[in-house]
Amino acid sequence: MKYLKIILILCFLTIHQVVGQEKELSKDQRLAWFKDAKLGIFIHWGIYAVNGIDESWSFHNGYISYDDYMKQLDGFTATNYNPEYWAELIKESGAKYTVITTKHHDGVALWDTKYSDLNVVDKTPAKRDVLTSFVKAARSEGLKVGLYYSLLDWSHPDYPNFLRDKKRYTDDAKRWAKFTKFNFGQIEELTKFNPDLYWFDGDWEQSAETWKAKEIRDLLLEKTPTTIINSRLQGYGDYATPEQGIPITKPDSKYWELCMTMNNSWGYQPNDTNYKSVNQIIRILVDCISMGGNLLLDIGPKPDGIIPQEQIDILKGLGRWTNKHKSAIYGTRAGIPFGHFNGYTALSKDKTILYLYVDNKPNGPLLIKGLKNKVNRAWVVGNGTKLKTNVVGKLYWSDVPGLLYIDVPEDVQDQDVTVIAMQLDGEVDLYREKGQVIESN
């Protein structure tokens, strides 16, 4: 009987271990959807939209007093907030995921947090949780949901940093412990949404050990094993998040996104009319795709919940292009090295289809150099028109590929970026040598 009990215990432990292992997903499994998504929409919405000023930084940098900044609570009404329309518009843009600011550095939460009354339910005329309804609406449109959360909180009485030139305290373990308890409390509240993505910010003010970054990561993955985390968790994130400036060379991380504004501001600022054109944003998206990354494009709604018309127009214009060229966007991988084609490129997952993004009107046929493959078929994406290819300069005795030319008639060119697909006879094979010398002819 004794041995039977031991055997049963060992069997139970073995089964428990196997089940536990099955629940643990690899990084590649968790980020598979992210790698394929290519486009997300960021939403910066908070009380800073009332005066149309920089979110949180306005008081931190002394451009406005903290008290005056907080008076904006009285103007955050959300009277015209329509989360269903937001979600529909985001989906129409071609985005596969969306990230919303649940709480910026000013500490004002968009949900009914029990850890502070500094939230839009208790402190603003909105008098409601605006986060929950958006998450529900986004999910109903099939969008992946990301939650932005500021680790630092310049409003919290137990957070050491306040203004750029003023701190509340230094080296007070008891007060920091109180803030850490508060921080973990709010983060755990957000886990009830089971977000697909956590987008942290503000990690630069403390160390990973001080933030308890590992414990935060463990908590999030315990609650939602499929979730992913951006890089701003002091080394405990899953993917890189370069900001505003487009990378010139491919980031080191296998997974990355560029977060970027439509104008020069994250939140709503009516005086900032320096909007990028739809064409410019499409070309930035293509740039990211060519390097295997995503674009997280930002919008900033007004305090009543209305999205500015300029931003609506951009999302709709972007949607026209993404809907037409979806086969050359979603699920693609980084393209071939620069030099083979005078422009951006991408590859299908199996690397047998080469996509060429033509962002200018060509003066003649397109040129691809160093392609060893035979092209079985070339066509205009979203149009279907077959294109003729012509190889020039291929000599039978040389391993150096000839010059491949493709004519693109003007009547099949897209108003923003034309995309050409080339079905290869196998996985892409490129000539990367320096040429040959004729030794026999």
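Report on the accompanying structure. None of the values given here were measured: they were computed from a predicted structure.

### Considering the environment of Leu25
Tracing the sequence through the fold places Leu25 in the loop between α1 (2-23) and α2 (27-30). Taking relative accessible area as the criterion, Leu25 reaches 34% and is therefore assigned partly exposed. For Leu25 and Arg139, which are 114 residues apart along the polypeptide, the C-alpha to C-alpha distance reads 22 Å. Beyond its immediate stretch of four places on either side in the chain, Leu25 contacts Arg30, Pro225 and Thr226.

### Observations concerning unusual backbone geometry
A positive phi angle, close to 45°, is found at Asn194, a residue other than glycine. Along the chain, the position of Asn194 falls in the loop between α10 (173-190) and β6 (197-201). Notably, Gln244 is not glycine yet its phi reads approximately 65°, a positive angle. Locating Gln244 in the fold gives a position in the loop between β7 (228-229) and β8 (257-261).

### Brief notes about the sheet that holds strand β9 (residues 294-299)
With respect to topology, 7 strands assemble into an open sheet ordered β7-β6-β3-β2-β1-β9-β8, the strand pairing being parallel. Both outer strands of the open sheet, β7 and β8, are each paired with one neighbouring strand and no more. With 5 bridges connecting them, strand β3 (residues 144-150) and β6 associate as parallel partners. Looking at the pairing, Tyr148 lines up with Trp199 of β6. Sheet strands touched by helix α13 (residues 278-290): β1 (39-43), β8 and β9. Its angle to β9, the strand with the most contacts, is close to 145°.

What counts, and where the lines are drawn
- Residues numbered from 1 in each chain as written.
- Predicted model: local features only at pLDDT ≥ 70, side-chain atom pairs only at ≥ 80, totals over all residues.
- Heavy atoms only, no water.
- Helix = DSSP H or I, 4+ residues; strand = E, 2+ residues; numbered from the N terminus.
- Buried < 20%, exposed > 50% of the residue type's maximum accessible area, 1.4 Å probe, protein only.
- Contact = heavy atoms within 4.5 Å.
- Pairing = 2+ DSSP bridges.
- Axes fitted to C-alpha atoms, helices over the stretch in contact; angles between N-to-C directions.

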